[in-house]
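Each chain, written out:
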Amino acid sequence: MKTLTGVRLLDAVDGDLIPQMTQDFLLLGEVLFAVCKPQADKDNVDQEVFESGLSGDCLTEARNSLVEALLDFLPEDQRRLLSKAVTHQREVTARGMEMLHRKLDDPTMADRMVAELEANLEVPGLNVKSVTSPASSASTPDR
């Protein structure tokens, strides 16, 4: 795994591999391919073809299966630790998704976003007229 991807699977226990794979689907695809590489080699499936088959809910299911396989592989003390970390990560992800749904369901969100965009585009001391008016030739002194 480390040779193919630069990823240490034990970073799932003592690092931040699981949150990384939750947020970075390209990393997840690389890790999944590395895990499946012996079978992919047997079936003459290259990484590009393998990763092109990963989309939608399949990614979530594959990540969850990888985590479950890691849990089965680890000794009891590390398994308990990773299990707790995974439970917390899933809770954080679920809460984050609920929050995003609430924000996106807010009927005033578009109006607030446009108002914020307009406010960010305003430049103090500059108005539309001064931007669109051509410079007068009389205002430029001769040198």
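Residues numbered from 1 in each chain as written. Predicted model: local features only at pLDDT ≥ 70, side-chain atom pairs only at ≥ 80, totals over all residues. Heavy atoms only, no water.

*Asks:* Help me out: how do you make sense of the packing of helix α6 (residues 57-73) against helix α7 (residues 76-105) in this one?
*Replies:* The relative placement of two packed helices comes down to the angle between their axes together with the axis-to-axis distance. For the pair α6 and α7, the least separation of the axes is 9 Å and the interaxial angle reads 160 degrees. Comparing their axes, α7 and α6 come out roughly antiparallel. In this structure, α6 meets α7 at a crossing whose hand is left-handed. Of the residues in α7, those touching α6 at N64, V67, E68, L70, L71 and D72 are R79, L82, S83, V86 and R90. (Axes fitted to C-alpha atoms, helices over the stretch in contact; angles between N-to-C directions. Helix = DSSP H or I, 4+ residues; strand = E, 2+ residues; numbered from the N terminus. Parallel < 35°, antiparallel > 145°, perpendicular 65-115°, else oblique. Left-handed = near helix turned anticlockwise from the far one by under 90°. Contact = heavy atoms within 4.5 Å.)

*Asks:* What should I look at first to understand a nonpolar patch on the surface in this one?
*Replies:* Taken together, the side chains of M97, M99, L100 and L104 define a hydrophobic patch exposed on the protein surface, amounting to about 380 Å² of accessible area. With respect to the helices and strands, the residue M99 is situated in helix α7. (Patch = residues over 30% accessible without salt bridge, like charges linked within 9 Å, V, L, I, M, F, W, Y side chains within 5 Å. Areas by Shrake-Rupley, 256 points an atom, 1.4 Å probe, with all protein chains shown as cover. Salt bridge = Lys/Arg side-chain N within 4 Å of Asp/Glu carboxyl O.)

*Asks:* Explain the pattern of salt bridges here, please?
*Replies:* A pair can form between side chains of opposite charge whenever their charged atoms are brought close. If you walk through the whole model with that rule in mind, you get seven salt bridges. Ionic pairing is found between R79 and E76, a salt bridge with its closest N-O pair at 2.7 Å. Placement of the pair is R79 and E76 together in helix α7, with a separation of three residues, close to one helical turn. Measuring nitrogen to oxygen at the nearest pair gives 3.6 Å for the salt bridge that ties R80 to E76. Linking R80 with E76, this pair stays in helix α7, spanning four residues, or about one helical turn. Each of E76, R79 and R80 takes part in a single network of salt bridges with overlapping partners.

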